[in-house]
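Architecture and fold: a report
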Number of protein chains: 2
Amino acid sequence: MRIPFETMQAEFKRVLISIGFSDSKADACATIFAENSRDGVYTHGLNRFPVFVQYVKDGLVKPNAEPALLKLSGAIERWDGNLGPGPLNARCCMDRAIALAKEHGIGCVAIRNTNHWMRGGTYGWQAADAGMIGICFTNTTANVPPWGGIDPRLGNNPVVIAVPRDGGHIVLDMAVSQYSFGKLQQYHSNGDELPLPGGYDKEGKLSTNAAAIIDSRRLLPVGFWKGSGLSLMLDLLATVLSQGKSTAEITKSEAEYGVSQVFICIKPSADNNEALIEQILDYTKGGTLINDDESIRYPGESTLKTRRKNMEEGIPVDEAIWAKVQSR
Amino acid sequence: MRIPFETMQAEFKRVLISIGFSDSKADACATIFAENSRDGVYTHGLNRFPVFVQYVKDGLVKPNAEPALLKLSGAIERWDGNLGPGPLNARCCMDRAIALAKEHGIGCVAIRNTNHWMRGGTYGWQAADAGMIGICFTNTTANVPPWGGIDPRLGNNPVVIAVPRDGGHIVLDMAVSQYSFGKLQQYHSNGDELPLPGGYDKEGKLSTNAAAIIDSRRLLPVGFWKGSGLSLMLDLLATVLSQGKSTAEITKSEAEYGVSQVFICIKPSADNNEALIEQILDYTKGGTLINDDESIRYPGESTLKTRRKNMEEGIPVDEAIWAKVQSR
């Protein structure tokens, strides 16, 4: 089943208003959720929406909280998210980073006490749409064991890097675990094995069973010791710059809320960017393929194709989840 | 055999003067090479020194070239390295990024036409010693196939993230390949197999043979498709921000020179950093160990131990390479 973008956005908005969102906040938040599904990231669009609603009902996400500027110092700002909706706080922060970069060439915004931003790529596309290089990352609850350890003590801390481009932005959106939670859930609900080990089961064996890994919360970091180190650094940066909760503190709660995030924008200053970017993409994509049926793609390349298709034909939905949202 | 730091530095300086370095540039460059060995990164200290000398003799590295500021725009600077020694250019850029961060809270310096910076961590420690969060990365010649491709078309683009800390800075220094070239060379010269596949051999099979991977120039990126995407983004950022050579351009030459780099510093603004950092490290290191004989370490932890030992007992050297340097 496929649902038109406008219908999905309107349904999300209706539900959000019913749980206490103001009209304008419901509209903005519904748009982000619908756009995530529109762009093919169903795990952080429709499929995640019921969880988000539950978080609001549980009081973990405050629907109408406004983020507040705590400190401005040159091209850096520090904000408190006041536990408001993660997607709205993140949009606000990336807007501020864009404004700082317009003024100073580069800008950095850190926010504490915010909530899950859903698809991190959303804010990369936002920066690139404004003509900016965007970099952002978030910490999470512990779900990755540090290298040499058994217990999950690191987050899989998604990081986003976006470069604006006339022919379609280049947007990397990756958790530092080999598979994001969303991907694990997708493999699990499709009943598929992971193509590569994605973590450890409860017995400590490397596993391709998504359910076993979700259960153990022992996701494998990208590059083993390297992803372990990278995850730690991202948590340090997010926590220190926002003066917020670290993965250690976030994990003390049953639910993941009150996380710390960083948004950086850089203004590309020169005119030759498009030629340089095309040169890089042409070279990268121009080599011999392992499988002639598949192409070498840049991050974000398939997003635009999916977006176009889903806007034309409607957004594919999990019928049970869609029915659940409609019946609220 | 172990050599005192001062002896090693003096030998490097003598050789550099003999190939045309001014006294002050020879001194600064020799110090960086000796410090790299002092900190245990022998592959980019003594062991790399003869290659560096050859690059100077081949005219690829201009010993007395000065980097030049091309454009200043708020908290961003763009420089031309004029093909000078990579370590000196990188030191200069990180100094400028530190100064910009002192003024604006955050600063970004991009440099084109520079050369291999040897150990990237050098500039992370430099930023952290100045009390700054430091982030820097470089592009390289192609040595990693993009995901889905056979030919090396991406660099392994090392990236450094440093967080200052009273009890010893936390400094991540990682190539986006599972093993850096230095590590591959180390395994190769020790005659050891890699503990995990590090790339593909010429037949396209995943391999734990370092020599076969060095030969094929088909290093495996961290996290497979993820490291492939990350490598592309780092090349895009370095090339666009510096308006310099991309991996595509660098690879056209037989030798790797004239690369592009980015240096970012952020001033941590709050007083609570040390407590937050210790909380994160305590939590990360405090979990159950896989092997009771080994601890969970943070990036840079062993560097300080090695530094102390090598300053007390002398720096261990490969005797053949040391003899080669001495005989110059």
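Worth saying up front: this structure is predicted, and the values here are computed from it rather than measured.

Re the overall build of chain A
- When its secondary structure is counted, chain A shows twelve helices and eleven strands.
- Computed over the C-alpha atoms, the radius of gyration of chain A is 20 Å, within 12% of the 20 Å expected from 2.2 N^0.38 for a compact globule of 328 residues.
- In terms of overall dimensions, chain A has a C-alpha envelope of 55 × 55 × 45 Å along the principal axes.
- Out of the 328 residues in chain A, the part that is buried amounts to 58%.

Topic: the sheet that holds strand β10 (residues 259–266) of chain A
All names here are of chain A.
- Taken together, seven strands build an open sheet; the order of strands is β2-β3-β4-β10-β5-β6-β7 and the sheet is mixed. The open sheet is flanked by β2 (68–73) and β7 (170–174), the only strands paired with a single partner. Between one strand axis and the next, the sheet turns by 10 degrees as a mean value, whatever way the strands run.
- For β2 and strand β3 (residues 76–80), the ladder comprises five bridges, and the chain directions are antiparallel. Bridge assignment links S73 to a residue of β3, and that residue is I76.
- Packing of helix α8 (residues 225–242) onto the sheet brings it into contact with β3, β4 (106–114), β5 (133–138), β6 (159–163) and β10, and relative to β10 it is tilted by some 90 degrees.

Some words on the relation of the copies chain B and chain A
- You can overlay chain B on chain A at an RMSD of 0.0 Å; the transform is a turn of 180 degrees with a shift of 0.0 Å along its axis. What we have between these two chains is a two-fold relation. Among all residues of chain B, the minimum C-alpha distance to the rotation axis is found for B:G223, at 2.5 Å.
- A shared binding surface is used by both copies, with 100% of the interface residues of chain B retained as interface residues in chain A.

A word on the pairing of β7(A)
Residues and elements named next belong to chain A.
- The buried fraction of β7 amounts to five of the five residues, a majority that puts the element mostly inside the structure.
- Along β7, one buried face is formed by I170, L172 and M174 and the opposite face, lined by V171 and D173, is buried too.
- The hairpin turn running from β6 into β7, its antiparallel successor, is six residues long, and G168 in that turn takes a positive phi close to 120 degrees.

Section: the domain arrangement of chain A
Residue and element names in this part refer to chain A.
- Looking at chain A, the domain boundaries give domain 1 (2–177 + 221–266) and domain 2 (178–220).
- The partner domain 2 presents eleven residues to the 13 residues of domain 1 that form the contact.
- Among the residues making up the side of domain 1 that touches domain 2, the classes are represented as eight nonpolar, five polar and no charged.

Points about the sheet that holds strand β4 (residues 106–114) of chain B
Residues and elements named next belong to chain B.
- Strand order across the open sheet formed by seven strands is β2-β3-β4-β10-β5-β6-β7, with mixed pairing between neighbours. In this open sheet, the two edge strands, each paired with only one partner strand, are β2 (68–73) and β7 (170–174). Across the sheet, the mean angle separating the axes of adjacent strands is 10 degrees when strand polarity is ignored.

Description of the interface of chain B and chain A
- Between chain B and chain A, the residue contacts involve 66 residues of the former and 66 residues of the latter.
- Put simply, the parts of the chain that give the side of chain B that touches chain A at least two residues each are β2, β3 (76–80), α4 (86–104), β4, β6 (159–163), β7, α8 (225–242) and α10 (273–285) of chain B.
- Looking at the side of chain B that touches chain A element by element, the count peaks at twelve residues for α8(B).
- Residues belonging to the side of chain B that touches chain A are distributed by class as follows: 37 nonpolar, 21 polar and eight charged.

Overview of the pairing of β3(A)
All names here are of chain A.
- For β3, the buried fraction is high: five of the five residues fall into the buried class.
- Connecting the antiparallel pair β2 and β3 is a turn made up of two residues, with G74 showing a positive phi of about 65 degrees.
- Note on the crossover from β3 through helix α4 (residues 86–104) to β4: the handedness is right-handed.

A few points about unusual backbone geometry
Residues and elements named next belong to chain B.
- Backbone geometry at R217 places phi at a positive 50 degrees, although glycine is not the residue there.
- You can see R217 is positioned in the loop between α7 (210–216) and α8.
- A count of 19 C-beta atoms within 10 Å places R217 in the partly exposed class.
- A positive phi is found at F224, a non-glycine position, where the angle reads about 55 degrees.
- Position of F224 among the secondary structure elements: in the loop between α7 and α8.
- The partly exposed category is assigned to F224, around which 16 C-beta atoms lie within 10 Å.

A short note on the packing of helix α10 (residues 273–285) of chain A against α8(B)
- As a packed pair, α10(A) and α8(B) sit with axes 10 Å apart at the nearest point and diverge in direction by 150 degrees. Looking at the two axes, α10(A) sits roughly antiparallel to α8(B). α10(A) and α8(B) meet at a crossing whose hand is right-handed. On α8(B), the residues that touch A:N273, A:L276, A:I277, A:I280 and A:T284 of α10(A) are B:L232, B:D235, B:L236, B:T239 and B:V240.
- Its residues assigned to classes, the contact of α10(A) with α8(B) shows six nonpolar, three polar and one charged.

Some remarks on the confidence of the model for chain A
- Overall, the predicted model of chain A reaches an average pLDDT of 96, with 100% of residues at or above 70.
- Listed scores for the predicted complex are pTM 0.98 and ipTM 0.97.

Rules behind the numbers
Residues numbered from 1 in each chain as written. Chains lettered and ligands numbered in written order. Predicted model: local features only at pLDDT ≥ 70, side-chain atom pairs only at ≥ 80, totals over all residues. Helix = DSSP H or I, 4+ residues; strand = E, 2+ residues; numbered from the N terminus. Rg over C-alpha atoms; globule rule 2.2 N^0.38 Å. Buried ≥ 20, exposed ≤ 12 C-beta atoms within 10 Å, placed from the backbone. Pairing = 2+ DSSP bridges. Axes fitted to C-alpha atoms, helices over the stretch in contact; angles between N-to-C directions. Contact = placed C-beta atoms within 7 Å. Least-squares fit on C-alpha atoms with pLDDT ≥ 70 in both. Domains from an automatic or database assignment. Nonpolar A, V, L, I, M, F, W, Y, C, P; charged D, E, K, R; others polar. Right-handed = clockwise from strand over helix to strand, strands pointing away. Parallel < 35°, antiparallel > 145°, perpendicular 65-115°, else oblique. Left-handed = near helix turned anticlockwise from the far one by under 90°. pLDDT = per-residue confidence, 0-100.

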